[in-house]
Amino acid sequence: MFLWKTWKTLSDAGVMGINRRNADYVLKYNKRNLYPIVDDKILTKERAIAVGIDVPELYGVIETEKDIDLFDAIVEKHRDFVIKPAQGAGGDGIIVIADRFEGMFKTVSGKIISRDEIGHHISSILSGLYSLGGHRDRVLIEYRVSPDPLFKSISYEGVPDIRIILLMGYPVMGMVRLPTRQSGGKANLHQGAIGVGVDLATGKTLKGTWLNKKIAKHPDTTNQVDGVQLPDWDGFMNLAASCYELSGLGYIGVDLVLDEEKGPLILELNARPGLNIQIANDAGLTTRCHMVERHLAALKKTGRTESVADRVAYAQKHFGQPVSRTETPAEEPGTAA
Amino acid sequence: MQSINLHLKVLIAILVSLGLAITAYQIYVLDIPVTQDETDDIWSLDARLEFQAVAGTPVKAQMFIPPLDQNYISLNESFISNNYGVSINQTDGNRRVTWSARRASGNQSLYYRLVLTQRYSPEAIEDPAPAPRQPIELEGAEEVAADALIRPIRQTSADIETFVSEAIRRVNDITDDNVKLLLGEDTSPLGKARVLDVLLSNARIPLELVHTVRLESTPNQEPELWLRSHNGERWLYFHPETGQQGIPENRLVWWSGNAPLYNLEGGRQGRVTITLNNSEMNALRLAEMTTENTSSALLEYSLYGLPLHAQQVYRVMIMIPIGVLVILILRNIIGIQTLGTFTPVLISLAFRETDIGWGIVLFTLITALGLSLRSYLEHLKLQMLPRLSVVLTFVVVIIAGITLLGHKLGMEKALSVSLFPMVILTMTIERLSITWEERGGGHSFKVALGTLFAATLAHLLMSVPELAYFVFTFPAVLLILVGFMLAMGRYRGYRLTELVRFKALMTKG
C-alpha cells in the first residue's frame, strides 16, 4: 500500500515525526521549568549576556502601558531598531524599523507608520496578543540586525537567519531560512520562507525546501540556493553549541543571524523546533539524534564530558555531507540499547 | 528509560486486563445485557380458585403454588382475596397456600399471581433424591397382573431410565389385558401414572408425579402431568403417555406428588383456572428489578445506582472520554489540526443540544459572522480586550437574532440554542480570532475546519445509543480506553499527514 511504503521509506531514512520529536526528545530532554528561559526572549538575552554569548544589543524593555511613554527615550539615539514581543512565537508581532521619516517611522518594507500606531502595537503586545496562551507580555526593543550582503543574492528583503538544532549541545542539523515575498520578509517556513540545508562540516548551503517541497532556486530571485559558503561557520557552530549551557535544555533549535558588523549573533531559542529542516537537508533527524545518543552513552561509560569545541568537532566530523559519511563510524562502541 | 517503558507496559496491561475482566464479569457472570434493546420474557401466571361457599361453615381452601427455587426468578408474587387469611407452608418440597375464612357465602374467587422470568436466576438447585420406598401392596389379580408386566420390562431394560421408558410404553398399551386390569376405568394420564407408580414401586424404583404448567400464553391451562424418577444421580423426567424423556424447557414445575391441585373445606364446585401471559421487558430494567430478589448486588454499585437525574448527567459525561479519544486519534495519528485539544469535544457536546446538522450550520454561520466582524474591527485599531469583548457581544446578538428569526419562521430547532452551546461558540470565536491574529486567516480557516470535523466525528460517535449504553453500563471499558491513551502517549510513529508532508524526502537526489 502507498501509505505503508511511504512510512517505511521515511522510517528507513530516519525522518523524525512530530510524535517522536515530542516523546523522545522534547519531553525527554527539555525540563518544563526551563521553558521560560527560551520562551521569554528577554530572559534568553539576559542569560546569554551573563555567559558572554553575542546577542543583538537590547535598547530597552517596556512592561506596562505607562511605560509606552518611555519608548521615545529608548529609541532616541537609534535610527533603526526592532520591536518584539518577549514571548512571541513564529515571528509574529515583530516590527522592524529601518529609518525615520518626518517624525514618523519607516519599516523595512518601506511602509510609514506613526508614533501612535507603534504605541497601539506595543499595547497589543503587552495585552498578550502574540504571547503563548495569551498571557500578558513584555516588549523588547533591540538592535536591528543588518544582514550580511552575502545573502543578497539568495534572499528577498528581511533578515535570513540560521537555525541549528542541538541535542545535548551537539549540533545535529542546520539550515538557513530565507524570507520570500510570500513570507512578507519573515524567516518562518510556515509563512512561506524557504529553508536551505547547511552542511554542518563546511557551512556550505545545500538544496532547500519551500512549502514542504524540495527546491534548488529561490522563488523570488531564481538564484541557485545551494553551494553558497556561509562565512565564519565555525563561529556559528560554536555559538550555537554553547546555547546548551545557556539554557540547560537538551533539545533546542537555535536561531542565529549574521550581522554585517557584529558577526554571528543569537536571536532566540526554540524548545520545540520544527521538522521541515529535514526536507531542507534531505536527511532524517532521528538517524543523527540516535548517533549523538549512542556517542553520549559511550562517553558516560568512560565518565567523560565534552566541551563546546569537542561537540562541534564531533558534529562536523559526522554530520557533514555527503550523507554516506554519516553512517555509524567504526569507533562507536556500545550500539543501540 | 527502559524501566519507565516496562512500568508503562505493565500499567497498560493491568488497566486493559482489569477493564476486560470487569466487563466480562458483568456480561458473563452478572448477565447484564450487552445492548439496551435486549428484552427478556416475563411470564405472569394467574391461578383463580372459584367455589361456592357453604353457608355457616368455616372455609379453608388449600392450593399448591410453584416453588420459588427453580430455574426461574419470581419478580412478584401476590395473593388476592377478600377477607381471607393467607398462609403459606412448605411440605415435601411443595409450597401450598392456605386461604381461610370464618364465614363466607356465595361465589368466592381467590387469586394467586406469580410473575417470573428466567434470566438472572441463580443456578437451579436439584431437588434431593427421594428416600427409598416400600412397594405398594397389591392383592389377588392385581398382583398377578403387575408381576406379569414387570417381568418382561425387567428383561428388556438395562437401567432405571430404560426401565421407566419401557414401563410407560407398556402401560400405554391399553389393549394389554394386564394393563386393562390395573387401569380399571381410569385411562387418564393420572390413572396411568397411578399404575406406573404401582409397577415401579414394586420394582423399587422411585417415581414421583410432577404437575407442570407450560410457559405459553394460554388461557385456561390444565396442569400437565409428568413423571420423574431418580437414577441415583439426578432426576429423569418422563411424559406419562408418550414416554418422552426430558422435560421441555418451558415447563414450570408446580407441585409434585399425588395430591390434587387444591382441596376445599367448607366449599363446593371448586374450579381452578390457570392463565399464563407473556410480556417482554427491557432486559436492563428487569435486571434492576431482580436485584431486589437476588443476593448479588450486581447493579447496586453501578451507575444505575444513582438517582435518575444524576444518571442523566453521567450518561453524557461518561461519553466524554470517547470524544477525547477521537480527538487524540485525529490529532496524534491522523494529524488533523484542531483548535486546542478539548474545544472540539466541547463543541460536540454542544451539538447534543442543537442537533448535529443545525449545529454545524449554526457553528459555521456564527463563526463566520463573528470573524468578519473581527476583521472589520481590526481597522479601528482597538486594543485586544475591548475588541474581543465587542466580538463576543456581537455573537450573543447574532445568536439571539437567529433564535428570534427561527421562532418567527416556525423553526423550532432555532430555539434549541441554550446557554451551553452559546458559551462554547463564543469561546471558539475568541480562540479563532486569536489564531487569526497570530497565524493568519488561512491557518485559522484550516483549524476551524479541522475543529468542526473533529467535533462532528466525536459527536456522531458519542451519540451512538448502543455505545452510550455500553459505556454507561460497563464503565470499566474506560480503563481499556485509558490503557490505549497511555499507549498513545508513547506513540512515536508518523502522523498520516506527515507522510504527505515529508513526501519530498521520498525522492532521492
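Basis of the calculations
- Within any chain, residue numbers begin from 1 and follow the written order of that chain's sequence.
- Written order determines the labels here, with chains lettered from A and ligands numbered from 1.
- A pLDDT threshold of at least 70 governs which residues receive local features in this predicted model, and a stricter bar of 80 or more applies before side-chain atom pairs are shown or counted, although totals over entire chains, interfaces and linings include all residues.
- Excluding hydrogens and water, the side-chain figures rest on all heavy atoms present in the structure.
- Helix and strand definitions follow DSSP, with helices as H or I runs of at least four residues and strands as E runs of at least two, each counted in order from the N terminus.
- Partly exposed describes any residue whose relative accessible area lies between the buried limit of under 20% and the exposed limit of over 50%, with all areas from a 1.4 Å probe on protein chains only and scaled to the type maximum.
- Contact definition: two residues touch when any of their heavy atoms are within 4.5 Å.
- Each accessible area is a Shrake-Rupley estimate made with a 1.4 Å probe; only the visible protein chains count as cover when residues are assessed.
- Once two parts are put together, the accessible area they lose, assessed with a 1.4 Å probe and summed over both, is termed the buried area.
- Any Lys or Arg side-chain nitrogen located within 4 Å of an Asp or Glu carboxyl oxygen qualifies as a salt bridge.
- For this analysis, a polar contact is any N or O atom pair within 3.5 Å, provided that within protein one partner can donate a hydrogen and the other can accept it, and provided that sequence-adjacent residues contribute only side-chain to side-chain pairs.
- When residue character is reported, Ala, Val, Leu, Ile, Met, Phe, Trp, Tyr, Cys and Pro are called nonpolar, Asp, Glu, Lys and Arg charged, and the others, Gly included, polar.
- When charges are tallied, Lys and Arg are placed among the positive residues and Asp and Glu among the negative ones, while His and the ends of the chain are skipped.
- Only residues whose relative accessible area exceeds 30% and that form no salt bridge are eligible for patches; like-charged ones are grouped when within 9 Å, while nonpolar side chains (Val, Leu, Ile, Met, Phe, Trp, Tyr) are grouped when within 5 Å.
- Just so you know, the charge point we use is NZ for Lys, CZ for Arg, CG for Asp and CD for Glu.
- Residues belong to one nonpolar core when they are buried, are Ala, Val, Leu, Ile, Met, Phe, Trp, Tyr or Cys, and are joined through side-chain atoms within 4.5 Å.
- Note on scores: pLDDT gives the predictor's confidence for each residue, bounded by 0 and 100.
- Strands are labelled as partners when DSSP assigns at least two bridges between them.
- Under the convention used throughout, the expected extent of a helix is 1.5 Å for every residue step, that is, one less than its residue count.
- Comment: axis = line fitted to C-alpha atoms, over the contacting stretch for helices; angle = value between 0 and 180 degrees taken between N-to-C directions.
- Relative orientations are named as follows: roughly parallel for angles under 35 degrees, roughly antiparallel for angles over 145 degrees, roughly perpendicular for angles from 65 to 115 degrees, and oblique for any other angle.
- Crossings are sorted by hand: turned counterclockwise from the far helix by less than a right angle, the near helix makes the crossing left-handed, and turned clockwise it makes it right-handed.

A. Summary view of the overall build of chain B. Across its full length, chain B holds 16 helices and twelve strands. The proportion of buried residues among the 509 residues of chain B is 43%. Counting contacts in chain B only where the partners sit at least 6 residues apart, residues at least 24 apart contribute 76% of the total. Summed over its atoms, the accessible surface of chain B is roughly 25800 Å², and 58% of this surface lies on carbon and sulfur atoms.

B. Spatial organisation of the overall build of chain A. Each helix and strand counted, chain A has eleven helices and 13 strands in total. Here chain A holds 337 residues, and the buried ones make up 56% of them. Considering only contacts within chain A whose residues lie at least 6 apart along the sequence, 62% involve residues at least 24 apart. When the accessible area of chain A is evaluated, it comes to approximately 14200 Å², of which 54% is carbon and sulfur surface.

C. Structural detail: the interface of chain A and chain B. Between chain A and chain B, the contact holds 37 residues from the first and 29 residues from the second. Approximately 3300 Å² of surface area, both sides summed, lies buried where chain A meets chain B, with 58% of it carried by carbon and sulfur atoms. If you sort the residues of chain A by the area they bury against chain B, Trp7, Asn19 and Leu129 of chain A come out on top, with a joint share of 21%. Taken together, the links from chain A to chain B amount to one salt bridge. The partner of arginine 492 of chain B in a salt bridge is aspartate 24 of chain A, with the nearest N and O atoms 2.5 Å apart. Where chain A meets chain B, there are ten residue pairs in polar contact (both at pLDDT 80 or more). Within the residue set of the side of chain A that touches chain B, elements represented by two or more residues are helix H1 (2-12), helix H2 (18-29), helix H6 (115-126), strand E11 (213-215) and helix H9 (277-281) of chain A. By residue class, the composition of the side of chain A that touches chain B is 14 nonpolar, 14 polar and nine charged.

D. Up close: the pattern of salt bridges. Applying the stated rule across the entire model yields 25 salt bridges over all chains. With its nearest N and O atoms 3.2 Å apart, the salt bridge here joins aspartate 282 of chain A to lysine 214 of chain A. Of this pair, aspartate 282 of chain A sits in the loop between H9 and helix H10 (285-302) while lysine 214 of chain A is found in strand E11, placing the two residues 68 residues apart along the sequence. Across the pair glutamate 224 of chain B and arginine 251 of chain B runs a salt bridge whose closest N-O atoms are separated by 2.4 Å. Separated by 27 residues along the polypeptide, glutamate 224 of chain B in strand E8 (residues 224-230) and arginine 251 of chain B in strand E10 (residues 251-256) bring together distant segments of the chain. Look at the salt bridges and you will find they share partners, linking Asp161, Arg163, Arg177 and Asp255 of chain A into a network.

E. Quick peek at the side chain of aspartate 259 of chain A. Residues and elements named next belong to chain A. Position of aspartate 259 among the secondary structure elements: in strand E12 (residues 251-259). Buried and unpaired, aspartate 259 has lysine 262 as its nearest opposite-charge partner, separated by 6.0 Å. Of the polar contacts made by the side chain of aspartate 259, one reaches the backbone nitrogen of serine 146; its length is 2.9 Å. Among residues more than four places away in sequence, those in contact with aspartate 259 are Tyr143, Arg144, Val145, Ser146 and Leu265.

F. A negative patch on the surface, seen in detail. A cluster of like negative charges, contributed by Glu137, Glu139, Glu142, Glu143 and Asp147 of chain B, occupies part of the molecular surface. Note on placement: aspartate 147 of chain B falls in helix H2 (residues 140-155).

G. Region of the structure containing the nonpolar core. By size, the foremost hydrophobic cluster in this structure holds 73 residues, and its most contacted members are Ile162, Trp233, Tyr251, Val254, Leu256, Ile266 and Leu285 of chain A. Ala53, Tyr84, Trp99 and Tyr112 of chain B belong to the second largest nonpolar core, which has 30 residues in total.

H. How the structure looks around unusual backbone geometry. Residues and elements named next belong to chain A. One non-glycine residue, glutamate 102, lies in the positive phi region at around 55°. With respect to the secondary-structure elements, glutamate 102 resides in the loop between strand E3 (95-101) and strand E4 (104-107). By relative accessible area, which is 71% here, glutamate 102 ends up exposed. Even without being a glycine, leucine 211 presents a positive backbone phi close to 50°. Looking at where leucine 211 falls in the secondary structure, it is placed in the loop between strand E10 (205-210) and E11. Given the relative accessible area of 37%, leucine 211 is considered partly exposed.

I. Structural detail: the confidence of the model for chain A. Summary statistics for chain A give a mean pLDDT of 86 and a share of 93% for residues scoring 70 or more. In the predicted structure, residues 323-337 of chain A sits below a pLDDT of 50 and forms 24 contacts with residues beyond four places in sequence or in another chain.

J. Representation of the pairing of E4 of chain A in the model. Residues and elements named next belong to chain A. On E4, burial follows the alternation: Phe105 and Thr107 on one face are buried, whereas Met104 and Lys106 on the facing-out side are not. Examined bridge by bridge, E3 and E4 share four bridges and lie antiparallel to one another. Of the residues in E4, the one forming a bridge with aspartate 99 is lysine 106. Adjacent in sequence and paired antiparallel, E3 and E4 are bridged by two residues, among which glutamate 102 carries a positive phi angle near 55°. With two bridges connecting them, E4 and strand E5 (residues 112-113) associate as antiparallel partners. Bridged to phenylalanine 105 within E5 is isoleucine 113. In textbook terms, the turn of a hairpin is the stretch between consecutive antiparallel strands, and for E4 and E5 this stretch comprises four residues, one of which, glycine 110, has a positive phi near 95°.

K. Geometry of H10 of chain A. Residue and element names in this part refer to chain A. Under the 1.5 Å per step criterion, the end-to-end length of H10 is 26 Å for 18 residues, consistent within 8% with the ideal 26 Å. For H10, the full list of buried residues reads Leu285, Thr286, Arg288, Cys289, Met291, Val292, Glu293, Arg294, His295, Ala298 and Leu299. In the segment just after H10, glycine 303 is the residue with positive phi, at about 75°.

L. Fine view of the confidence of the model for chain B. Per-residue pLDDT for chain B averages 80, and the proportion of residues at 70 or more is 90%. Two numbers describe this predicted complex: its pTM, 0.67, and its ipTM, 0.78.

M. Quick look at the sheet that holds strand E2 (residues 81-85) of chain A. Residue and element names in this part refer to chain A. Pairing is antiparallel across the open sheet formed by six strands, whose spatial order is E1-E6-E2-E3-E4-E5. Lying at the two open borders of the sheet, with one neighbouring strand each, are strand E1 (58-62) and E5. Against the sheet, helix H4 (residues 41-50) contacts E1, E2 and strand E6 (139-142), and its axis sits at roughly 50° relative to E6.

N. Examining the sheet that holds E8 of chain B more closely. Residue and element names in this part refer to chain B. Strand order across the open sheet formed by four strands is E9-E8-E7-E10, with antiparallel pairing between neighbours. In this open sheet, the two strands that pair with only one neighbour each are strand E9 (235-238) and E10. Strand-to-strand twist of the sheet, defined as the mean angle between neighbouring strand axes without regard to direction, takes the value 40°. In the sheet, strand E7 (residues 208-214) pairs with E10 via five bridges, with the strands oriented antiparallel. Directly across from valine 210, in E10, lies its bridge partner serine 256. Where helix H3 (residues 160-171) meets the sheet, its contacts fall on E8 and E9, and the angle it forms with E9 comes to roughly 20°.

O. Representation of the side chain of arginine 228 of chain B. Residues and elements named next belong to chain B. If you trace the backbone, arginine 228 turns up in strand E8. A polar atom in the side chain of arginine 228 sits 2.8 Å from the side chain of glutamate 208. Of note is the side chain of arginine 228, whose polar atom sits 3.0 Å from the side chain of tyrosine 237.

P. Layout of the packing of helix H9 (residues 343-354) of chain B against helix H10 (residues 356-378) of chain B. Residues and elements named next belong to chain B. In contact at an axis separation of 7 Å, H9 and H10 are set at 120° when each is read in the N-to-C sense. As the angle between them shows, H9 and H10 are arranged oblique. Relative to H10, H9 is oriented so that their crossing is right-handed. Between H9 and H10, the contacting residues are Ile347, Phe351 and Thr354 on the first element and Ile356, Trp358, Gly359, Ile360, Leu362 and Phe363 on the second. For the contact of H9 with H10, a count of residues per class yields seven nonpolar, two polar and no charged.

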